[in-house]
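# Observations on chain architecture
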Amino acid sequence: EGVTVVFGRNGSGKTTLLRSIMGLIDYEGEVLIDSVNTRRMSRQELSRLIGYVWQNPYYGFIENSVKEEIEVILRNLRVKGNWDIVDRIVPKYLMNRDPSTLSGGEARRVSIASILVADQKIWLLDEPFTNMDRDGVLSLIELINDYRVKGKTIVIALHEVFYAHIINPDQYIILDNGRVVSSGMWRDFNNVDVRKYGLIPLGEICA
């Protein structure tokens with residue numbers, strides 16, 4: 001339980017890691033959740049347990065309205081869902097819009113809500129803040145912080161250290177060339193020289 005951020009430069013393996021956890025690609029080794037090998041789970045079982053928000057927000061949009069897009073996963077998984085998540089991320093005026101007409105930030109909001117509405121135990125968020133405006137960023141951070149307290153396991157792939165400092169995660173992982181090069185509790189992160197892994201320290205961003 002709690003929030004883990006996964007850092008790395010472009011191509012370091014962040015998305016590959018999340019897709020492996022979700023069972024979307026072949027991989028060596030094992031992914032264990034509560035000591036259960038995920039290879040033994042059906043696609044529906046995994047989707048009820050794990051919510052994976054893609055890096056490309058337009059990926060998978062198939063319905064004529066935002067509301068219908070959000071409802072798809074509930075029908076497919078046969079779950080009631082948690083509309084509090086939707087209400088906090090997606091403005092009501094977007095609900096009747098065609099998803100294909102949304103701006104990048106609006107599409108990001110809808111993409112997140114259309115997966116997490118199923119209220120899975122585990123959330124995998126791949127670069128969730130890209131194209132978000134200030135209000136969108138704050139809404140998502142508040143959602144993450146509120147639901148971490150409710151016992152969610154939240155894994156966030158980032159290449160920007162700035163957002164992690166706002167989230168204040170429980171632990172971090174740094175990937176480079178497909179390998180874990182550093183990991184630990186977030187309180188120890190400032191002792192890591194992130195420049196050699198292609199990341200910009202918070203102090204340099206602020207400067």
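Details of the structure are given in the entry above.
Nothing here was measured: the structure is a model prediction, and the numbers come from that model.

Procedures and definitions
- Residue positions are given per chain, counting from 1 as you read along its sequence in written order.
- Local features are withheld for residues below a pLDDT of 70 in this predicted model, meaning they are given only at 70 or higher, and side-chain atom pairs are given and counted only at 80 or more; totals for whole chains, interfaces and linings count all residues.
- No hydrogens and no water enter the side-chain calculation; it runs on all heavy atoms of the structure.
- Axis geometry follows a simple rule: fit a line to the C-alpha atoms, using only the stretch in contact for helices, then measure angles between N-to-C directions, giving values from 0 to 180 degrees.
- Note on conventions: DSSP H or I runs of at least 4 residues are helices, E runs of at least 2 residues are strands, and numbering of each starts at the N terminus.
- The contact criterion used is simple: two residues touch if any of their non-hydrogen atoms lie within 4.5 Å.
- For this analysis, a nonpolar core means a set of buried residues of the types Ala, Val, Leu, Ile, Met, Phe, Trp, Tyr and Cys, connected via side-chain atoms within 4.5 Å.
- Three labels apply to residues, based on accessible area from a 1.4 Å probe with only protein chains included: buried if under 20% of the type maximum, exposed if over 50%, partly exposed otherwise in between.
- We define a salt bridge as a contact between a side-chain nitrogen of Lys or Arg and a carboxyl oxygen of Asp or Glu at a distance within 4 Å.
- DSSP-based pairing: two strands are paired if at least 2 bridges between them are found.
- Only protein atoms enter the 1 Å grid used here. Points where a 1.4 Å probe fits but cannot escape make up a cavity, open sets with protein on both sides within 12 Å along at least five of seven lines make up a pocket, and a residue lines them when an atom lies within 4 Å of a point.
- Grid points are joined across faces, edges and corners, and a volume is the space filled by probe spheres set on the points.
- Note on residue classes: Ala, Val, Leu, Ile, Met, Phe, Trp, Tyr, Cys and Pro are nonpolar, Asp, Glu, Lys and Arg are charged, and everything else, Gly too, is polar.
- Any Phe, Tyr or Trp ring, taking Trp's six-membered ring, that has another such ring centre within 6.5 Å forms a pair; planes under 30 degrees apart are called stacked, those over 60 apart edge-to-face, and the others tilted.
- Only Lys NZ and Arg CZ are tested; either one counts as a charge over a ring when it is within 6 Å of the ring centre and within 35 degrees of the ring normal.

### What about the packing of helix α3 (residues 66-77) against helix α5 (residues 104-116)?
Two numbers describe how α3 lies on α5: the axes approach to 7 Å, and their chain directions differ by 35°. Counted together, Val66, Glu69, Ile70 and Ile73 of α3 and Val110, Ala113, Ser114 and Ile115 of α5 form the full contact between these two elements.

### Description of the nonpolar core
Core analysis: the largest hydrophobic core is formed by 50 residues, its most contacted members being Phe7, Val90, Phe129, Ile144 and Ile156. Beyond its immediate sequence surroundings of up to four residues, Ile144 is in contact with Val3, Leu125, Phe129, Ile154, Ile156 and Ile167. Core analysis: the second largest hydrophobic core is formed by 17 residues, Leu18, Ile21, Met22 and Val31 among them.

### Description of the pattern of salt bridges
The tally for this structure, following the rule as stated, stands at 12 salt bridges. Across the pair Asp176 and Arg9 runs a salt bridge, and its minimum N-O distance is 3.0 Å. On the criterion of sequence distance, the pair formed by Asp176 in strand β7 (residues 171-176) and Arg9 in the loop between β1 (2-7) and α1 (14-21) is long-range, its members being 167 residues apart. For Arg9, a relative accessible area of 33% gives the class partly exposed. Where Asp135 meets Arg134, a salt bridge forms, and the shortest distance between an N and an O atom there is 3.7 Å. When salt bridges that share partners are traced, they join Asp84, Arg88 and Asp146 into one network.

### What to know about the pairing of strand β8 (residues 179-185)
Bridging between β7 and β8 involves 6 bridges; their strand directions are antiparallel. Note that in β8 the partner of Tyr172 across the bridge is Gly184. Linking two consecutive strands that pair antiparallel, namely β7 and β8, is a turn of 2 residues; a positive phi of about 55° is found at Asn177 within it.

### Remarks on the sheet that holds β8
Read from one edge to the other, the open sheet built from 6 strands follows the order β4-β5-β6-β1-β7-β8, with strand pairing classed as mixed. With partners counted over all chains shown, the strands left at the sheet margins are β4 (50-53) and β8, one partner each. Each strand of the sheet is rotated relative to its neighbour by a mean of 15°, with strand direction disregarded. Here strand β5 (residues 122-126) pairs with strand β6 (residues 153-158) via 5 bridges, running parallel. Paired with Leu125 across the bridge in β6 is Ile156. Contacting β1, β4, β5, β6 and β7, α1 runs over the sheet at an angle of about 150° to β5.

### Let's talk about the layout of surface pockets
When its volume is computed, the largest pocket comes out at roughly 530 Å³. Within the residue set of the lining of the largest pocket, elements represented by two or more residues are α2 (43-49), β4, α3 and α5. A per-element tally of the lining of the largest pocket places α3 first, with 5 residues. Taken together, the residues that form the lining of the largest pocket break down as 12 nonpolar, 8 polar and 2 charged.

### Describing the packing of aromatic side chains
Per the stated rule, a full pass over the model turns up 10 aromatic pairs. Ring centres 6.2 Å apart and planes at 35° place the aromatic pair Phe7 and Trp186 in the tilted group. Of this pair, Phe7 sits in strand β1 while Trp186 sits in the loop between β8 and α8 (202-206), and the two are 179 residues apart along the sequence. There is no split in this pair, since Phe7 and Trp186 are both buried. Geometrically, the ring pair formed by Phe129 and Tyr163 is stacked, given 4.5 Å between the ring centres and 15° between the ring planes. Note that Phe129 is positioned in the loop between β5 and α6 (134-149) and Tyr163 in helix α7 (residues 161-167), a separation of 34 residues in sequence. Here the aromatic residues Phe7, Tyr172, Trp186 and Phe189 are joined through ring pairs into a cluster of three or more. In this structure, Arg39 packs its charged tip against the face of Tyr27, placed 4.1 Å from the ring centre.

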